[in-house]
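Structure assessment
The chain contents come next:
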Amino acid sequence: MPIDLRSDTLTRPTPAMREAMAAAEVGDDMFGEDPTVARLEARVAELLGKEAAMFAPSGTMANQLALRAHTEPGDEVILDGNAHIHYYEGGAPAALSGLTCRCLPGVRGIFTAADVEAVLRPADQHFPPTRLVCLENTHNRGGGRIWPQERVREIGALTRERGLRLHLDGARLWNAAVASGIPERQLAAEFDSVAVCFSKGLGAPVGSALCGSGEFIRRARRFRKMFGGGMRQAGILAAGALHALEHHRERLAEDHANARLLADGLATLPGMELDPAAVETNIVIARVTAVPADRLVRELDAAGVRIFSIGPDTIRAVTSLEVSSADIGRALGIFEATLSSLSS
Ligand SMILES: *Cc1c(COP(=O)(O)O)cnc(C)c1O
């Protein structure tokens, strides 16, 4: 079996999770009659300290529903250039909501209120109206980085003062909460809307949720139907998500410890460059100086370790409940042998 460090989306439902899913009480959720979906939505709204929540088939759809529900076509969204919403969602802001993205050059995904303020323009018929600012916590392409809370508060104050909406892509908010010790509801407090995923490190097979005010979620429900995300006996999926929330949140700390173990080991290898202290959660991003990143990825694959390259000289490895600390030890041995064979 290869050691698969490509993504925390590879996690498969555990036997206990499958049992919970098989036993789920269900109904037609588009008639508002699926009790398990209703239970999940209430639980997520409670955890995030928001009035309401809506189950969605994917994190991409949850984010894009937030964009659509906050804006009108022609509006402008401000976000980091490496944000998932801009970088990895197939051009959806333009295609589905008619939005332009104003990208900020964040540092590993993080920017400041001053950065936002610098690109705000006065109301004028020449300019697209700026409606929304989006943050991502933890930041995927930033290497699982956690947003400093004082930065979030500054941006929250600015967006309120300027009448802008603030959305959080919290696909891995669970990781941020466990690693920082700050509860999810506190991490979510500044935001008008928050999207979370159950299908990443939490290990559910399918599902995300969008949270916000009751009025906002009512508006988002209409767009969910329009985007084709309305589901019927979705309680089977919601039961997996509920199980994940109860049983897989605390254990994310193990993934973080494994990522740190991997980073500490990789930092000692010739041909790799990374700062282990920069690894805050379950994502390790490293620069490869020995060979092109694609070449290393191919050689590692042949030797039994799977990772991704995310740039010409950059690799990404992600830990999850599919990977044990013993696996990390074995993976480091394979990295070492592969790098030394490539440089000889
Ligand atoms: C994975 C991810 C999403 C959503 O992805 P889906 O595959 O559509 O569920 C959104 N934002 C971030 C930061 C992600 O890593």
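Structure: above.
So, a few notes on the structure that sits alongside this text. In this text, all values refer to a predicted model and were calculated from it rather than measured experimentally.

Another point: the overall build of the protein chain. A count of helical and extended segments in the protein chain gives 14 helices and 13 strands. Relative to the 2.2 N^0.38 estimate, which gives 20 Å for 344 residues, the radius of gyration of the protein chain is 21 Å and therefore close to what a compact globule would have. The dimensions of the protein chain, computed from C-alpha atoms along their principal axes, are 60 × 55 × 35 Å. Counting all 344 residues of the protein chain, 55% fall into the buried class. A separation of at least 24 residues holds for 75% of the contacts in the protein chain among residues at least 6 apart in sequence. Total accessible area computed for the protein chain in this model is approximately 14,300 Å², and 51% of it derives from carbon and sulfur atoms. Counting 37 positive and 43 negative side-chain charges, the protein chain places the averaged centre of each group 3 Å from the other.

Nonpolar side chains tend toward joint burial in soluble globular proteins. Within the largest apolar cluster, 52 residues are counted, with the highest numbers of intra-cluster contacts made by Leu-40, Val-44, Val-133, Leu-135, Val-196 and Phe-198. Leave out the neighbours within four places in its chain, and Phe-198 touches Leu-40, Val-44, Phe-55, Trp-174, Gly-203, Ala-204, Gly-207, Ser-208, Ala-209, Ala-241 and Leu-245. One finds Ala-259, Leu-262, Ala-263 and Leu-274 within the second-largest nonpolar core, a separate group that totals 30 residues.

This structure, assessed with the given rule, holds 4 aromatic pairs. Pairing Tyr-87 with Tyr-88 gives two aromatic rings, centres 4.9 Å apart and planes at 70°, and the pair type is edge-to-face. Ring centres of Phe-111 and Trp-147 lie 5.1 Å apart, and the angle between their planes is 85°; this geometry places the pair in the edge-to-face category. Separated by 36 residues along the polypeptide, Phe-111 in the loop between strand E4 (100-104) and helix H6 (113-119) and Trp-147 in the loop between strand E5 (130-136) and helix H7 (149-161) bring together distant segments of the chain. Judged by its relative accessible area of 1%, Phe-111 falls in the buried class.

In the neighbourhood of the ligand, 13 residues make up the surrounding shell, with Gly-59, Thr-60, Asp-169, Arg-172 and Lys-200 lying closest. One of the side-chain N or O atoms of Lys-200 is found 2.9 Å from an oxygen atom in the ligand. Burial of the ligand by the protein chains amounts to 84% of its free accessible area of 380 Å². Looking at which element gives the most residues to the shell around the ligand, the answer is helix H3 (residues 59-70), with 3 residues. The residue makeup of the shell around the ligand, split by class, is 2 nonpolar, 6 polar and 5 charged.

Attention now goes to the environment of His-86. Secondary-structure assignment places His-86 in helix H4 (residues 84-87). In this structure the C-alpha to C-alpha distance between His-86 and Cys-101, which are 15 residues apart in sequence, comes to 7.3 Å. The contacts of His-86, once residues within four sequence positions are left out, are Leu-79, Asp-80, Gly-81, Cys-101 and Cys-103.

About the criteria used
- Residues numbered from 1 in each chain as written.
- Predicted model: local features only at pLDDT ≥ 70, side-chain atom pairs only at ≥ 80, totals over all residues.
- Heavy atoms only, no water.
- Helix = DSSP H or I, 4+ residues; strand = E, 2+ residues; numbered from the N terminus.
- Rg over C-alpha atoms; globule rule 2.2 N^0.38 Å.
- Buried < 20%, exposed > 50% of the residue type's maximum accessible area, 1.4 Å probe, protein only.
- Contact = heavy atoms within 4.5 Å.
- Areas by Shrake-Rupley, 256 points an atom, 1.4 Å probe, with all protein chains shown as cover.
- Lys, Arg positive; Asp, Glu negative; His and termini not counted.
- Charge placed at Lys NZ, Arg CZ, Asp CG, Glu CD.
- Core = buried A, V, L, I, M, F, W, Y, C linked by side-chain atoms within 4.5 Å.
- Phe/Tyr/Trp six-rings, centres within 6.5 Å; stacked < 30°, edge-to-face > 60°.
- Near = heavy atom within 4 Å.
- Polar contact = N/O pair within 3.5 Å; in protein donor to acceptor, adjacent residues only side chain to side chain.
- Nonpolar A, V, L, I, M, F, W, Y, C, P; charged D, E, K, R; others polar.

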